[in-house]
Amino acid sequence: ILNVEQSPQSLHVQEGDSTNFTCSFPSSNFYALHWYRWETAKSPEALFVMTLNGDEKKKGRISATLNTKEGYSYLYIKGSQPEDSATYLCAHGGATNKLIFGTGTLLAVQP
Amino acid sequence: NAGVMQNPRHLVRRRGQEARLRCSPMKGHSHVYWYRQLPEEGLKFMVYLQKENIIDESGMPKERFSAEFPKEGPSILRIQQVVRGDSAAYFCASSPGTSGRINEQFFGPGTRLTVL
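Numbering of residues starts from 1 in each chain and follows the order in which that chain's sequence is written. By the order in which they are written, chains take letters starting at A while ligands take numbers starting at 1. In keeping with the predicted nature of the model, local features appear solely for residues at pLDDT of at least 70, side-chain atom pairs appear and are counted solely at 80 or more, and the whole-chain, interface and lining totals rest on all residues. Excluding hydrogens and water, the side-chain figures rest on all heavy atoms present in the structure.

Chemist: Sorry, what's going on with the overall build of chain A here?
Modeler: Strands are runs of DSSP state E lasting at least 2 residues, helices are runs of H or I lasting at least 4, and numbering of each runs from the N terminus. Helix and strand content of chain A: zero helices and eleven strands. Shown N-terminal to C-terminal, the secondary structure of chain A runs as helices and strands in the order β-β-β-β-β-β-β-β-β-β-β. A principal-axis box enclosing the C-alpha atoms of chain A has dimensions of 40 × 30 × 20 Å. Here, two residues are considered to be in contact whenever any of their heavy atoms come within 4.5 Å of each other. For chain A, the proportion of contacts with a sequence separation of at least 24, taken over those separated by at least 6, is 52%. Total accessible area on chain A is roughly 5400 Å²; 47% of this is exposed by carbon and sulfur atoms. Averaging the coordinates of the 9 positive side-chain charges in chain A and doing the same for the 10 negative ones gives two points 6 Å apart. Each accessible area is a Shrake-Rupley result for a 1.4 Å probe, and residues are judged covered by the shown protein chains and nothing else. His is not counted, nor are the chain ends, whereas Lys and Arg count as positive and Asp and Glu as negative. Where a charge lies is defined by one atom per residue type: Lys uses NZ, Arg uses CZ, Asp uses CG and Glu uses CD.

This is how it looks when you write it as structure tokens:
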């Protein structure tokens, strides 16, 4: 059984701050790492899928990096805005396609 | 292109009744996944289906739960004789299929089941 862990559990920042959070996963038998953004009462929204060690992906002010050898991924948000407030989930995608999720980082951005 | 559709969005059942949750994947997607979020917990995988086939049901409780994805129509997650512990949010996701290592799954809005 894979354990996917995320930290911190929650984060409060001011508008304009840059922030980052961590997803750690077992480095053996790595297949793919997914990041999702989940706003309350909405569907989880796919942000990135990364497969290769050293991968870096960017979408607007949000970016992510991947280190498969040490088993971690970072998600960065530059210049946080109130609309970035959400839970950010990471998930390990295995060869059987099922996703194993972490418990998420709840981000609150205050104006 | 409509996203993943789930209905109902909210479902209330009394103990012992049956709950049927429906999921229509995105157009062109032939793979469906069901996940469950129990109160105060994260999303947990339940079952992975392709048309008319169950591929991986390693996360499904052994009793009372079943899933299908018929050739025509939505995928159905069925819970028989519901108990209070079944109260949770049930999410469906779909993907177009495997393409190398990338298997991006698109999620529906979930069905919130409450068992009285």
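Chemist: It is not clear to me how the state of the cysteines should be interpreted in this structure. Could you clarify?
Modeler: Disulfide: a covalent bond formed between the sulfur atoms of two cysteine residues. Residues and elements named next belong to chain A. Note on terminology: disulfide denotes any pair of cysteine sulfur atoms within 2.5 Å. Applying the stated criterion across every chain, the model contains two disulfides over all chains. Note on cysteine connectivity: Cys23 is disulfide-linked to Cys90, with sulfurs 2.0 Å apart. Where Cys23 bonds to Cys90 through sulfur, the torsion about that S-S bond is close to 80°, and the disulfide is right-handed. Of this pair, Cys23 sits in strand β3 (residues 19-24) while Cys90 sits in strand β9 (residues 86-93), and the two are 67 residues apart along the sequence. Neither residue differs from the other here; Cys23 and Cys90 are each classed as buried. Burial here depends on accessible area, computed with a 1.4 Å probe over protein chains only, as a share of the maximum for the residue type. Under 20% is buried, over 50% is exposed, and the range in between is partly exposed.

Chemist: Before we go on, may I ask you to explain the pattern of salt bridges in this structure?
Modeler: Between side chains of opposite charge, pairing is possible as soon as their charged atoms come close. Residues and elements named next belong to chain A. A side-chain nitrogen of Lys or Arg and a carboxyl oxygen of Asp or Glu constitute a salt bridge if their distance falls within 4 Å. Tallied over the entire structure, the rule returns seven salt bridges over all chains. A salt bridge links Glu39 to Lys42; the nearest nitrogen and oxygen atoms lie 3.8 Å apart. When its relative accessible area of 45% is taken as the criterion, Lys42 is described as partly exposed. Residue Asp84 pairs with Arg61 through a salt bridge whose shortest N-O separation is 2.8 Å. Here the residue Asp84 occupies a position in the loop between β8 (72-77) and β9, and Arg61 occupies one in the loop between β6 (56-59) and β7 (62-67), the gap between them amounting to 23 residues. Judged by its relative accessible area of 33%, Arg61 falls in the partly exposed class.

Chemist: What's the story with the interface of chain A and chain B in this structure? I'm lost.
Modeler: When the parts of a complex come together, some accessible area is lost, and that lost area is often taken as the interface size. Facing the 19 residues of chain A at the interface are 22 residues of chain B. By convention, the term buried area covers the 1.4 Å-probe accessible surface removed from two parts as they join, with the contributions of both added. Of the roughly 1800 Å² buried between chain A and chain B, counting both surfaces, carbon and sulfur atoms make up 57%. Taken together, the connections running from chain A to chain B amount to zero salt bridges. Side-chain atoms alone can form a polar contact between residues adjacent in sequence; in general such a contact is a pair of N or O atoms within 3.5 Å, and within protein one must be able to donate a hydrogen while the other accepts it. Joining chain A to chain B, the criterion identifies seven residue pairs in polar contact (both at pLDDT 80 or more). Contributions of two or more residues to the side of chain A that touches chain B are made by β4 (32-38), β5 (45-50) and β10 (99-101) of chain A. It is β4 of chain A that contributes the most residues to the side of chain A that touches chain B, four residues altogether. Residue polarity follows a fixed list, in which Ala, Val, Leu, Ile, Met, Phe, Trp, Tyr, Cys and Pro are nonpolar, Asp, Glu, Lys and Arg are charged, and the others, Gly among them, are polar. Taken together, the residues that form the side of chain A that touches chain B break down as twelve nonpolar, six polar and one charged.

Chemist: I'm lost on the sheet that holds β3 of chain A in this one. Help?
Modeler: Consider a sheet: its strands pair through backbone hydrogen bonds, and that pairing is either parallel or antiparallel. Residue and element names in this part refer to chain A. Note on pairing: two strands pair once DSSP finds at least 2 bridges between them. Taking strand neighbours across the sheet as the criterion, the five strands line up as β1-β3-β8-β7-β6 in an open arrangement whose pairing is antiparallel. Of all strands in the sheet, those with a lone pairing partner are β1 (5-7) and β6, marking the two edges. Each neighbouring strand pair of the sheet contributes to a mean axis angle of 15°, computed without reference to strand direction. The sheet contact formed by β7 and β8 spans six bridges and is antiparallel. Residue pairing in the sheet places Leu66 in a bridge with Ser73 of β8. With axes taken as lines fitted to C-alpha atoms, and helix axes fitted only over the stretch in contact, angles between N-to-C directions fall between 0 and 180 degrees.

Chemist: Looking at this model, I keep getting lost on the packing of aromatic side chains. Mind explaining?
Modeler: How two aromatic rings sit relative to each other is set out by the distance from centre to centre and by the angle between their planes. Aromatic pairs are defined between Phe, Tyr and Trp rings, using the six-membered ring for Trp, whenever the two ring centres lie within 6.5 Å; interplanar angles under 30 degrees are classed as stacked, those over 60 as edge-to-face, and all others as tilted. Per the stated rule, a full pass over the model turns up twelve aromatic pairs over all chains. Taken together, a centroid distance of 4.7 Å and an interplanar angle of 10° make the contact between Tyr33 of chain B and Tyr48 of chain B stacked. One end of the pair, Tyr33 of chain B, is in strand β4 (residues 31-37); the other, Tyr48 of chain B, is in strand β5 (residues 43-50), and 15 residues separate them in sequence. Neither residue differs from the other here; Tyr33 of chain B and Tyr48 of chain B are each classed as buried. Between Tyr35 of chain B and Phe107 of chain B the ring centres are 5.4 Å apart and the planes differ by 45°, which places this aromatic pair in the tilted class. Of this pair, Tyr35 of chain B sits in strand β4 while Phe107 of chain B sits in strand β10 (residues 106-107); the two residues are 72 residues apart in sequence, bridging distant segments of the chain. Members of the aromatic cluster, joined through ring pairs, are Tyr36 and Phe101 of chain A together with Tyr35, Phe45 and Phe107 of chain B.

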